[in-house]
Amino acid sequence: MTRVAPSPTGFMHVGGIYAALMSERVAHQSGGVFYLRVEDTDQKRKVDGATKVISNSLSRYGIFADEGVDEDGNSYGPYGSYTQSERKEIYQAYAKKLLEEGQAYPCFCVAEDLDLMRKIQEKQSMRPGYYGRFAKCRTLSDDEILAKLKAGEPWVLRFKSPGNNEKRMLIKDLLKGDINMPENDLDIVILKGDGLPTYHFAHAVDDHLMGTTHVIRGDEWVSSVPLHIQLFVALGWKAPKYGHYATLQKLDNGNKRKLSKRHDPEANIVYFWEKGYPEKALIEYLLNLINASFEDWRNKNPDKDAFEYPMSFNKISNTAGALFDFQKLHSISKEVVARMTADEVYVAVLNWAKEYNAPFAEKLQNNKDYVTAILNIERNIGKKSRKDLIKWEDVEADMSYFFADWVRPDLGEFKDELPLNPDEMRQIGVDFKAVYNKNDDKDTWFKKIQEIAEKHGFATDTKSYKASPESYKGSIIDVANVLRVLVTGRTKSPDLYQIMQIMSDELLSSRL
RNA sequence: GACCCUAUCAUCUAGUGGUUAGGAUACAACCCUCUCAAGGUUGGUACACGGGUUCAAAUCCCGUUAGGGUCGCCA
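So, here is what we can say about the structure in this document.

Turning to helix 2 (residues 50-60), its buried residues are Ala50, Thr51, Ile54, Ser55, Ser57 and Leu58. One face of helix 2 carries all of its buried residues, which in axial projection span an arc of 160°. In the core, the buried residues of helix 2 are packed alongside strand 1 (2-4), helix 1 (14-29), strand 2 (34-36), strand 3 (68-69) and helix 8 (269-275). Looking one or two residues beyond helix 2, the residue adopting positive phi is Gly62, at roughly 80°.

This is the structure in structure tokens:
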């Protein structure tokens, strides 16, 4: 039983998908349950429609929760609401229990009191926090409490920590191994002024009630584990097993840092949608980060779905956080796209364009067969399949020259790449047009180009050109490239014969 | 400042006392070739540093350094 527990801030972090994928795999691979809980106890950060963002983000990547919250914010599953703000009474009931047992107490300290406390602690270079003699409200008598309550002073509920900072405890982490930590002695807030619980308290209550057996979360939580275990003990419950993974990092001025919502556009999962990264590519990239042996498995099982990969939990790397590597993602994405059929690519590109490039979507819809034929160039020929398409965003520019509304760049721009002036280039086009026949097979087609090369004083093959470059104006490569530039406006393109086969006669002759 | 985690090629990593330290990405060269991509072949001063333990250390221990994380009525 695992879970993913994002906050509904309207922002889905790519690390959230990473975390969800890990938890989902752990649960489902072992026949367990994976659920989604919405942690909206911070009302300030809550955004309308955010559950939709969460739910859509997960399902888009094929991650489905057995229990949880749907995109409209409705809970499904046996353990009541999976939205924390709707569980207020539950937390309050358990908080009351702790209060009655003397394991919690009301605190009337306001922000200024705490600021002052922190300043004093800083000045005396003491450990900061609400503990020991700084925990002023801990020793309030019942009468004092009643008086303050009566006077209408705002209050929160604090946990009366039984810990001793001098003592140490052993934490068994599923991913990091044994960790020796001091006990927690901070009297942390469990119920805030608005009556909602803090993360720590909600974690204990929910993960117990919802039956979580394995809590897999980012390692920013490691230092809270002693507290969390105290909370479970205080409530009389068994703590779940914890596994803390290192969060995704980003290289910034030579230093690694957390992939940040504020500074890094790629932290937002929407970034990958806008660019049109195939969902499978991101999943495969993340699986590769989770278990490096994924790529070996992928090589051996090129046709299997990534979700069939048997992830091993104990092989999750235990090092500092990995840098998010776009080069690797791109390489994986090329492979993923190369494994798709032209029809599948067409559908994916169209879906992307409908949302992010409406004019292109229209073009795609109006030219379905044509576009599919273009996408099919050098596709599905096994290992040698064309692998240059990374993301859907790039498709429009890639195939722009296949459409009549495209304007070819000025031929003079190619003077550094080709040993001919624009007039000579046009002449080659005219010569080729005179002999071109769409019914020619590739050999015949190429022979005709060779004949033109010879006529214009170019070598008909690269070997003879290399043997005596001074006897020619250039090689067959130059002639082919002239045709390429005339037709596609670029010196680099997919197979020119196939391009000409797909293009309409009118369009082709207008270019030559 | 205190506490915790981590340290193998540029990047992600394999590695659990005996390996020519392996793979993938990136980069470079060559082959193939009408260009590009792909494919094939090959390549590069990677175990942070210093001490131990041991016949033997990337692997175990200690220290140093560096990076990351936490110390909120945010999660």
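On to the protein's contact with RNA strand B, then. Around RNA strand B, the surrounding shell holds 64 residues, and the nearest of these are Arg168, Lys328, Lys383, Arg386 and Arg484. Taking the atoms of RNA strand B that fall within 4 Å of the protein, sugar and phosphate contribute 73% of them. Separating a phosphate oxygen of RNA strand B from a side-chain N or O atom of Lys383 is a distance of 2.4 Å. Between a base nitrogen of RNA strand B and a side-chain N or O atom of Asp495, the distance comes to 2.9 Å. Elements with a minimum of two residues in the surface near RNA strand B: strand 6 (156-159), strand 8 (177-182), strand 13 (255-258), helix 10 (294-300), helix 11 (326-339), helix 17 (442-455) and helix 19 (476-488).

A negative phi angle is the norm for most residues apart from glycine, just as the trans form is the norm for most peptide bonds. In this structure, Ser125 takes a positive phi of about 40° despite not being glycine. Within the fold, Ser125 resides in the loop between helix 4 (111-123) and helix 5 (142-150). The exposed category is assigned to Ser125, whose relative accessible area is 68%. Of note in this structure, Glu378 is not a glycine but carries a positive phi near 55°. With respect to the element layout, Glu378 can be found in the loop between helix 14 (368-375) and helix 15 (395-398).

As a further point, take the nonpolar core. One broad trend across soluble globular proteins is that nonpolar side chains are buried collectively. Counting 54 residues, the largest nonpolar core has Trp392, Met399, Phe402, Phe432 and Met503 as the members making the most contacts within it. At the level of secondary structure, the elements contributing two or more residues to this core comprise helix 12 (342-356), helix 13 (358-366), helix 14, helix 16 (422-435), helix 17, helix 19, helix 20 (496-502) and helix 21 (505-511). In contact with Phe402, not counting residues within four places along its chain, are Tyr370, Ile374, Ile377, Ile499, Ile502, Met503 and Leu507. Core analysis: the next-biggest nonpolar cluster, separate from the first, contains 49 residues, Val14, Leu21, Val26 and Leu329 among them.

Turning next to the side chain of Asp185. With respect to the helices, strands and loops of the structure, Asp185 is situated in the loop between strand 8 and strand 9 (189-191). Classification of Asp185 as buried rests on a relative accessible area of 14%. In this structure the side chain of Asp185 is engaged in a polar contact, spanning 2.9 Å, whose partner is the side chain of Arg127. With near-sequence residues (within four places) excluded, Asp185 lies in contact with Arg127, Tyr130, Tyr131, Ser161, Gly163, Asn164 and Asn165.

Here is what the cut-offs are and how they apply
- Residues numbered from 1 in each chain as written.
- Chains lettered and ligands numbered in written order.
- Predicted model: local features only at pLDDT ≥ 70, side-chain atom pairs only at ≥ 80, totals over all residues.
- Heavy atoms only, no water.
- Buried < 20%, exposed > 50% of the residue type's maximum accessible area, 1.4 Å probe, protein only.
- Helix = DSSP H or I, 4+ residues; strand = E, 2+ residues; numbered from the N terminus.
- Arc of directions from axis to C-beta.
- Contact = heavy atoms within 4.5 Å.
- Near = heavy atom within 4 Å.
- Polar contact = N/O pair within 3.5 Å; in protein donor to acceptor, adjacent residues only side chain to side chain.
- Core = buried A, V, L, I, M, F, W, Y, C linked by side-chain atoms within 4.5 Å.

None of the figures reported here should be taken as evidence of function without further support.
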